[in-house]
Amino acid sequence: MDEFSVSTLADWLEEHTSALLDKTELLDLKPVYAAIDYLGVLKNPAASYPEMGQETYLRSESDKKLSLLDEKKRLSELDDRIMVNHVDGSVTNDEINFKYNHDTPVVDGEYHARKDLEILKFGLEVIGAVSTTGHDGTIREALSSDAVLSLVLAANAFYDWQLK
């Protein structure tokens, strides 16, 4: 992984959106998890989070942006997402500010795969735009752990949906 990998993955997801949604192409979680691990925000490998308990994550690294309502459930059962929707500031002055909003792929009890794919694509696109600057430490400090976890959860839920 390098500073261009996050943007490259976002571009790939954009180019393959139709095939992914049509299930003619399967999302490969390895490059998604590798890009998330490259960011260095989460304390554990990205692949370990879907099975982690919500209580464990809440106590160990959550920045309290996600609505973790059932501490007994696994993170993969969480419907809440924190979407990275904008970045501003000055990279050269190490003053980066990411903007977030709550979102969910579940409406009226029904899962909408397109929403998780959008959360994943858009988050990687915004983060990727500043990752190319090489200011990894500044980016790592500015990114919400709950927003990065949301990328993991969105990718994992989307992949599970594709297998059905």
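Residues numbered from 1 in each chain as written. Predicted model: local features only at pLDDT ≥ 70, side-chain atom pairs only at ≥ 80, totals over all residues. Heavy atoms only, no water.

Draft legend 1. Seen up close, the nonpolar core. Counting residues in each nonpolar core, the largest one holds 48 residues, and the members touching the most others are Leu27, Phe98, Leu120 and Leu149. Elements represented by at least two residues in this core include exactly α1 (5-15), α2 (17-21), α3 (29-39), β1 (81-90), β2 (95-103), α5 (113-131) and α7 (145-163). Of the residues forming this core, the biggest block, nine residues, is contributed by α7. Residues contacting Leu120, with those up to four places away along its chain left out, are Leu13, Leu27, Val32, Leu151, Ala154 and Ala155. (Core = buried A, V, L, I, M, F, W, Y, C linked by side-chain atoms within 4.5 Å. Buried < 20%, exposed > 50% of the residue type's maximum accessible area, 1.4 Å probe, protein only. Helix = DSSP H or I, 4+ residues; strand = E, 2+ residues; numbered from the N terminus. Contact = heavy atoms within 4.5 Å.)

Draft legend 2. Broad picture of the packing of α3 against α7. Following both chains from N to C, one finds α3 and α7 inclined at 175 degrees, their axes separated by 10 Å at the closest point. The orientation of α3 with respect to α7, classified from their angle, is roughly antiparallel. When α3 is examined against α7, the residues Leu29, Val32, Tyr33 and Ile36 are found in contact with a partner set consisting of Val148, Leu151, Val152, Ala155, Asn156 and Tyr159. Here the contact of α3 with α7 is built from residues that sort into nine nonpolar, one polar and no charged. (Axes fitted to C-alpha atoms, helices over the stretch in contact; angles between N-to-C directions. Parallel < 35°, antiparallel > 145°, perpendicular 65-115°, else oblique. Nonpolar A, V, L, I, M, F, W, Y, C, P; charged D, E, K, R; others polar.)

Draft legend 3. Representation of the packing of α5 against α7 within the structure. The contact between α5 and α7 brings their axes to 9 Å, and the two run at 140 degrees. Relative to α7, the element α5 is oriented oblique. Handedness of the crossing formed by α5 with α7: left-handed. Packed against α5, whose contacting residues are Ala113, Asp116, Leu117, Ile119, Leu120, Gly123, Leu124 and Ile127, the element α7 presents Leu151, Leu153, Ala154, Ala155, Ala157, Phe158 and Trp161 at the interface. Residues that form the contact of α5 with α7 fall into these classes: 13 nonpolar, one polar and one charged. (Left-handed = near helix turned anticlockwise from the far one by under 90°.)

Draft legend 4. Up close: the environment of Pro31. Inspection of the secondary structure puts Pro31 in helix α3. The class of Pro31 is partly exposed, set by a relative accessible area of 31%. As a C-alpha pair, Pro31 and Thr138 span 107 residues in sequence and 23 Å in three-dimensional space. The residues touching Pro31, leaving out its near neighbours within four places in the chain, are Met1 and Leu9.

Draft legend 5. Seen up close, unusual backbone geometry. If you check the backbone angles, Asp94 has positive phi at about 55 degrees while not being a glycine. Mapped onto the elements of the fold, Asp94 is located in the loop between β1 and β2. Positive phi, close to 50 degrees, is recorded for Asp108, a residue that is not glycine. Relative to the assigned elements, Asp108 resides in the loop between β3 (106-107) and β4 (110-111). On the basis of relative accessibility, which here comes to 80%, the residue Asp108 falls in the exposed class.

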